[in-house]
Amino acid sequence: MRRWLPIALAALLVATAGAAVSGVVAAQGASGGGTGDPSLVSLGAQIYAANCSSCHGPTGAGKMTPNPAGPGDLAGIGPSLQGVGSLAADFYITTGYMPLHNPYVQPRRSRVLYSPREVKALVAYVASLAPGPSIPNPDPALGSLSTGQRLFTENCAGCHQAVAAGGYLPDSVAPPLAPDSPRQIAEAVRIGPNLMPRFSPTRLSNRDLDSIIAYIQYAKSPDDRGGYSLGHVGPVPEGLVAWFVAGIVLVGVTMAAGSRLT
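Residues numbered from 1 in each chain as written. Predicted model: local features only at pLDDT ≥ 70, side-chain atom pairs only at ≥ 80, totals over all residues. Heavy atoms only, no water.

A. Just the environment of Gly 62, in detail. The topology assignment puts Gly 62 in the loop between α3 (53-56) and β1 (63-65). Spatially, the C-alpha atom of Gly 62 lies 3.9 Å from that of Ser 80, the residues being 18 residues apart in sequence. Once residues within four sequence positions are removed from consideration, Gly 62 is found in contact with Cys 55, His 56, Gly 57, Gly 78, Pro 79 and Ser 80. (Helix = DSSP H or I, 4+ residues; strand = E, 2+ residues; numbered from the N terminus. Contact = heavy atoms within 4.5 Å.)

Below you can see the structure in the form of C-alpha coordinates.
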(Lines give C-alpha, C1' and ligand atoms only; values in the text may rest on other atoms or scores of the structure.)
Protein backbone atom coordinates (compact mmCIF):
# COMPACT_ATOMS: atom_id res chain seq x y z
CA MET A 1 0.00 0.00 0.00
CA ARG A 2 2.83 2.38 0.90
CA ARG A 3 4.46 1.66 -2.46
CA TRP A 4 1.50 3.20 -4.33
CA LEU A 5 1.16 6.25 -2.07
CA PRO A 6 3.82 8.44 -3.82
CA ILE A 7 2.34 7.59 -7.22
CA ALA A 8 -1.14 8.52 -6.06
CA LEU A 9 0.09 11.81 -4.60
CA ALA A 10 1.95 12.66 -7.83
CA ALA A 11 -1.13 11.94 -9.92
CA LEU A 12 -3.21 14.12 -7.61
CA LEU A 13 -0.75 17.02 -7.97
CA VAL A 14 -0.75 16.74 -11.78
CA ALA A 15 -4.54 16.67 -11.91
CA THR A 16 -4.78 19.67 -9.57
CA ALA A 17 -2.28 21.68 -11.65
CA GLY A 18 -4.12 20.83 -14.86
CA ALA A 19 -7.42 21.89 -13.37
CA ALA A 20 -5.90 25.17 -12.21
CA VAL A 21 -4.51 25.95 -15.68
CA SER A 22 -7.83 25.06 -17.29
CA GLY A 23 -9.63 27.27 -14.82
CA VAL A 24 -7.40 30.26 -15.59
CA VAL A 25 -7.77 29.80 -19.35
CA ALA A 26 -11.53 29.38 -19.08
CA ALA A 27 -11.80 32.51 -16.92
CA GLN A 28 -9.83 34.50 -19.47
CA GLY A 29 -12.04 33.20 -22.26
CA ALA A 30 -15.17 34.18 -20.35
CA SER A 31 -13.84 37.72 -19.93
CA GLY A 32 -13.29 38.06 -23.67
CA GLY A 33 -9.56 37.62 -23.34
CA GLY A 34 -8.92 34.11 -24.60
CA THR A 35 -10.21 30.64 -25.29
CA GLY A 36 -11.24 27.70 -23.15
CA ASP A 37 -9.08 25.24 -25.16
CA PRO A 38 -5.70 24.77 -23.42
CA SER A 39 -4.31 22.83 -26.39
CA LEU A 40 -5.02 25.80 -28.65
CA VAL A 41 -3.23 28.15 -26.26
CA SER A 42 -0.31 25.71 -26.11
CA LEU A 43 -0.04 25.66 -29.90
CA GLY A 44 -0.21 29.46 -29.94
CA ALA A 45 2.62 29.63 -27.40
CA GLN A 46 4.82 27.57 -29.71
CA ILE A 47 4.03 29.78 -32.71
CA TYR A 48 4.63 32.90 -30.62
CA ALA A 49 8.01 31.67 -29.38
CA ALA A 50 9.15 30.95 -32.94
CA ASN A 51 7.83 34.07 -34.68
CA CYS A 52 6.98 36.86 -32.22
CA SER A 53 9.16 36.66 -29.11
CA SER A 54 12.20 38.22 -30.79
CA CYS A 55 10.37 41.58 -30.92
CA HIS A 56 7.71 41.34 -28.21
CA GLY A 57 9.78 39.43 -25.67
CA PRO A 58 9.39 35.86 -24.38
CA THR A 59 6.54 36.84 -22.05
CA GLY A 60 4.88 39.41 -24.32
CA ALA A 61 6.08 42.28 -22.11
CA GLY A 62 7.65 44.12 -25.05
CA LYS A 63 11.22 44.59 -26.12
CA MET A 64 13.37 47.45 -27.39
CA THR A 65 15.86 46.82 -30.18
CA PRO A 66 18.60 49.16 -31.46
CA ASN A 67 17.69 51.15 -34.55
CA PRO A 68 20.32 50.68 -37.28
CA ALA A 69 19.47 54.15 -38.66
CA GLY A 70 20.81 55.75 -35.51
CA PRO A 71 23.40 54.05 -33.26
CA GLY A 72 22.21 53.94 -29.68
CA ASP A 73 18.67 54.97 -30.66
CA LEU A 74 16.06 52.54 -29.35
CA ALA A 75 13.43 53.49 -31.90
CA GLY A 76 12.57 49.96 -32.90
CA ILE A 77 10.11 48.75 -30.26
CA GLY A 78 7.99 45.65 -30.03
CA PRO A 79 5.19 46.86 -27.72
CA SER A 80 3.82 44.85 -24.83
CA LEU A 81 1.05 42.43 -25.76
CA GLN A 82 -0.10 41.90 -22.21
CA GLY A 83 -3.66 43.16 -21.95
CA VAL A 84 -4.29 43.74 -25.67
CA GLY A 85 -6.70 40.80 -25.67
CA SER A 86 -7.84 39.02 -28.79
CA LEU A 87 -8.77 42.34 -30.43
CA ALA A 88 -5.31 43.54 -31.47
CA ALA A 89 -3.92 40.06 -32.07
CA ASP A 90 -6.71 39.14 -34.49
CA PHE A 91 -6.37 42.41 -36.42
CA TYR A 92 -2.62 42.36 -36.92
CA ILE A 93 -2.44 38.66 -37.79
CA THR A 94 -5.46 38.39 -40.11
CA THR A 95 -4.38 41.46 -42.10
CA GLY A 96 -0.86 40.09 -42.53
CA TYR A 97 0.59 43.12 -40.71
CA MET A 98 2.39 40.73 -38.41
CA PRO A 99 4.90 39.22 -38.22
CA LEU A 100 7.14 42.00 -39.52
CA HIS A 101 10.29 41.24 -41.46
CA ASN A 102 11.60 44.70 -40.57
CA PRO A 103 10.48 46.19 -37.22
CA TYR A 104 11.45 49.71 -38.34
CA VAL A 105 8.90 50.09 -41.15
CA GLN A 106 5.15 50.64 -41.16
CA PRO A 107 3.21 47.36 -41.33
CA ARG A 108 1.49 46.81 -44.68
CA ARG A 109 -1.26 44.37 -45.59
CA SER A 110 0.29 41.17 -46.89
CA ARG A 111 -0.33 37.46 -47.17
CA VAL A 112 -1.34 35.76 -43.93
CA LEU A 113 1.42 33.32 -43.02
CA TYR A 114 -0.62 31.00 -40.82
CA SER A 115 -3.45 28.54 -41.31
CA PRO A 116 -6.87 29.39 -39.81
CA ARG A 117 -6.19 27.11 -36.83
CA GLU A 118 -2.75 28.65 -36.27
CA VAL A 119 -4.26 32.13 -36.41
CA LYS A 120 -6.87 31.12 -33.84
CA ALA A 121 -4.18 29.55 -31.66
CA LEU A 122 -1.89 32.57 -31.77
CA VAL A 123 -4.78 34.93 -31.01
CA ALA A 124 -5.79 32.69 -28.10
CA TYR A 125 -2.27 32.70 -26.69
CA VAL A 126 -1.85 36.48 -26.88
CA ALA A 127 -5.27 36.90 -25.27
CA SER A 128 -4.26 34.51 -22.47
CA LEU A 129 -1.36 36.75 -21.40
CA ALA A 130 -3.75 39.08 -19.56
CA PRO A 131 -7.44 40.03 -19.73
CA GLY A 132 -8.16 42.41 -22.60
CA PRO A 133 -10.77 43.49 -25.16
CA SER A 134 -12.43 40.84 -27.29
CA ILE A 135 -12.97 40.68 -31.04
CA PRO A 136 -15.87 42.93 -32.14
CA ASN A 137 -18.83 41.64 -34.10
CA PRO A 138 -20.10 44.55 -36.25
CA ASP A 139 -23.25 44.35 -38.36
CA PRO A 140 -23.31 46.97 -41.16
CA ALA A 141 -26.89 45.97 -41.97
CA LEU A 142 -27.91 47.74 -38.76
CA GLY A 143 -26.15 50.96 -39.78
CA SER A 144 -27.29 54.01 -41.73
CA LEU A 145 -25.56 54.76 -45.03
CA SER A 146 -26.07 58.52 -44.78
CA THR A 147 -24.87 58.58 -41.17
CA GLY A 148 -21.88 56.46 -42.12
CA GLN A 149 -20.95 58.84 -44.94
CA ARG A 150 -21.10 61.80 -42.57
CA LEU A 151 -19.08 60.10 -39.84
CA PHE A 152 -16.50 58.78 -42.31
CA THR A 153 -16.11 62.23 -43.88
CA GLU A 154 -15.65 63.84 -40.47
CA ASN A 155 -13.27 61.29 -38.96
CA CYS A 156 -11.61 59.22 -41.69
CA ALA A 157 -11.66 60.91 -45.12
CA GLY A 158 -8.76 63.23 -44.26
CA CYS A 159 -6.39 60.26 -44.50
CA HIS A 160 -8.27 57.52 -46.35
CA GLN A 161 -9.99 59.85 -48.89
CA ALA A 162 -13.74 60.23 -49.19
CA VAL A 163 -14.17 56.90 -50.97
CA ALA A 164 -11.83 54.95 -48.65
CA ALA A 165 -9.25 54.53 -51.43
CA GLY A 166 -6.31 55.33 -49.14
CA GLY A 167 -3.74 58.10 -49.27
CA TYR A 168 -0.21 59.16 -48.41
CA LEU A 169 0.88 61.03 -45.28
CA PRO A 170 4.32 62.22 -44.11
CA ASP A 171 6.33 59.06 -43.43
CA SER A 172 3.18 56.96 -43.49
CA VAL A 173 0.47 55.46 -45.67
CA ALA A 174 -3.26 55.34 -45.04
CA PRO A 175 -4.20 52.05 -46.71
CA PRO A 176 -7.24 51.52 -48.92
CA LEU A 177 -10.06 49.91 -46.97
CA ALA A 178 -11.61 47.82 -49.73
CA PRO A 179 -9.72 44.61 -48.76
CA ASP A 180 -10.75 44.86 -45.09
CA SER A 181 -13.62 42.85 -43.67
CA PRO A 182 -16.19 44.53 -41.39
CA ARG A 183 -14.50 42.92 -38.39
CA GLN A 184 -11.05 44.19 -39.39
CA ILE A 185 -12.41 47.71 -39.88
CA ALA A 186 -14.05 47.62 -36.46
CA GLU A 187 -10.83 46.33 -34.91
CA ALA A 188 -8.76 49.11 -36.52
CA VAL A 189 -11.17 51.76 -35.25
CA ARG A 190 -10.89 50.47 -31.68
CA ILE A 191 -7.11 49.89 -31.83
CA GLY A 192 -5.82 52.87 -33.82
CA PRO A 193 -2.91 51.21 -35.66
CA ASN A 194 0.15 53.25 -36.65
CA LEU A 195 -0.79 56.97 -36.92
CA MET A 196 -4.53 56.32 -36.89
CA PRO A 197 -6.27 57.64 -33.76
CA ARG A 198 -8.11 55.20 -31.54
CA PHE A 199 -11.87 55.71 -31.31
CA SER A 200 -13.44 54.47 -28.09
CA PRO A 201 -17.13 53.47 -27.86
CA THR A 202 -17.81 56.84 -26.22
CA ARG A 203 -16.37 58.60 -29.28
CA LEU A 204 -17.94 56.29 -31.87
CA SER A 205 -20.66 53.95 -30.65
CA ASN A 206 -21.05 50.43 -32.01
CA ARG A 207 -24.03 51.61 -34.05
CA ASP A 208 -21.93 54.48 -35.45
CA LEU A 209 -19.32 51.89 -36.36
CA ASP A 210 -21.95 49.80 -38.14
CA SER A 211 -22.87 52.89 -40.19
CA ILE A 212 -19.25 53.67 -41.09
CA ILE A 213 -18.68 50.10 -42.25
CA ALA A 214 -21.90 50.23 -44.28
CA TYR A 215 -20.60 53.33 -46.07
CA ILE A 216 -17.16 51.76 -46.70
CA GLN A 217 -18.82 48.72 -48.23
CA TYR A 218 -20.95 51.00 -50.41
CA ALA A 219 -17.86 52.97 -51.49
CA LYS A 220 -16.31 49.78 -52.91
CA SER A 221 -18.88 49.82 -55.72
CA PRO A 222 -20.96 53.02 -55.50
CA ASP A 223 -24.08 53.64 -57.53
CA ASP A 224 -22.85 55.80 -60.43
CA ARG A 225 -25.58 57.89 -62.03
CA GLY A 226 -23.49 58.83 -65.05
CA GLY A 227 -20.27 60.57 -66.02
CA TYR A 228 -16.70 59.38 -65.56
CA SER A 229 -15.68 58.56 -62.00
CA LEU A 230 -11.93 58.32 -62.77
CA GLY A 231 -11.63 55.61 -60.17
CA HIS A 232 -13.45 57.62 -57.47
CA VAL A 233 -10.20 59.27 -56.46
CA GLY A 234 -11.87 62.53 -55.43
CA PRO A 235 -12.67 65.99 -56.79
CA VAL A 236 -9.13 67.44 -56.73
CA PRO A 237 -7.45 64.95 -59.10
CA GLU A 238 -10.62 64.82 -61.20
CA GLY A 239 -10.47 68.62 -61.51
CA LEU A 240 -6.79 68.47 -62.51
CA VAL A 241 -7.61 65.95 -65.22
CA ALA A 242 -10.41 68.21 -66.44
CA TRP A 243 -8.02 71.17 -66.66
CA PHE A 244 -5.45 69.02 -68.43
CA VAL A 245 -7.98 67.88 -71.03
CA ALA A 246 -9.30 71.43 -71.42
CA GLY A 247 -5.74 72.71 -71.94
CA ILE A 248 -5.13 70.19 -74.73
CA VAL A 249 -8.39 71.15 -76.41
CA LEU A 250 -7.56 74.86 -76.09
CA VAL A 251 -4.11 74.37 -77.64
CA GLY A 252 -5.63 72.35 -80.48
CA VAL A 253 -8.25 75.02 -81.18
CA THR A 254 -5.58 77.75 -81.08
CA MET A 255 -3.31 75.87 -83.49
CA ALA A 256 -6.23 75.20 -85.86
CA ALA A 257 -7.29 78.86 -85.82
CA GLY A 258 -3.70 80.00 -86.37
CA SER A 259 -3.21 77.73 -89.37
CA ARG A 260 -6.30 79.15 -91.05
CA LEU A 261 -5.11 82.72 -90.56
CA THR A 262 -1.80 81.93 -92.22
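B. View of the packing of aromatic side chains. Within the structure shown, the criterion is met by five aromatic pairs. The interplanar angle of 50 degrees and the centroid separation of 5.2 Å between the aromatic rings of Tyr 48 and Tyr 125 together place this pair among those described as tilted. Here the residue Tyr 48 occupies a position in helix α2 (residues 38-51), and Tyr 125 occupies one in helix α5 (residues 116-128), the gap between them amounting to 77 residues. For the residue pair Tyr 48 and Tyr 125, the accessibility class agrees, reading buried in each case. Aromatic side chains Phe 91 and Tyr 92 sit 5.1 Å apart centroid to centroid with 80 degrees between the ring planes, which places their arrangement in the edge-to-face category. Note on Phe 91: relative accessible area 3%, which makes it buried. Linked through ring pairs, Phe 91, Tyr 92 and Tyr 97 together constitute an aromatic cluster. (Phe/Tyr/Trp six-rings, centres within 6.5 Å; stacked < 30°, edge-to-face > 60°. Buried < 20%, exposed > 50% of the residue type's maximum accessible area, 1.4 Å probe, protein only.)

C. How the structure looks around the confidence of the model for the chain. Of the residues in the chain, 74% have a pLDDT of 70 or more, and the chain-wide mean is 80. Across residues 1-33 the pLDDT falls below 50, and counting only partners more than four positions away or on other chains, this stretch makes 21 contacts in the model. Throughout residues 71-75 the model reports pLDDT below 50, and contacts reaching past four residues in sequence, or to other chains, amount to eight contacts. (pLDDT = per-residue confidence, 0-100.)

D. Focus on the packing of α2 against α5. The interhelical angle for the contact between α2 and α5, taken along N-to-C directions, is 90 degrees, at an axis separation of 7 Å. Here α2 lies roughly perpendicular to α5, going by the angle between them. Where α2 abuts α5, its residues Ser 39, Leu 40, Val 41, Leu 43, Gly 44, Ala 45, Ile 47 and Tyr 48 lie against Arg 117, Glu 118, Lys 120, Ala 121, Leu 122, Ala 124, Tyr 125 and Ser 128. Split into classes, the residues belonging to the contact of α2 with α5 amount to 10 nonpolar, three polar and three charged. (Axes fitted to C-alpha atoms, helices over the stretch in contact; angles between N-to-C directions. Parallel < 35°, antiparallel > 145°, perpendicular 65-115°, else oblique. Nonpolar A, V, L, I, M, F, W, Y, C, P; charged D, E, K, R; others polar.)

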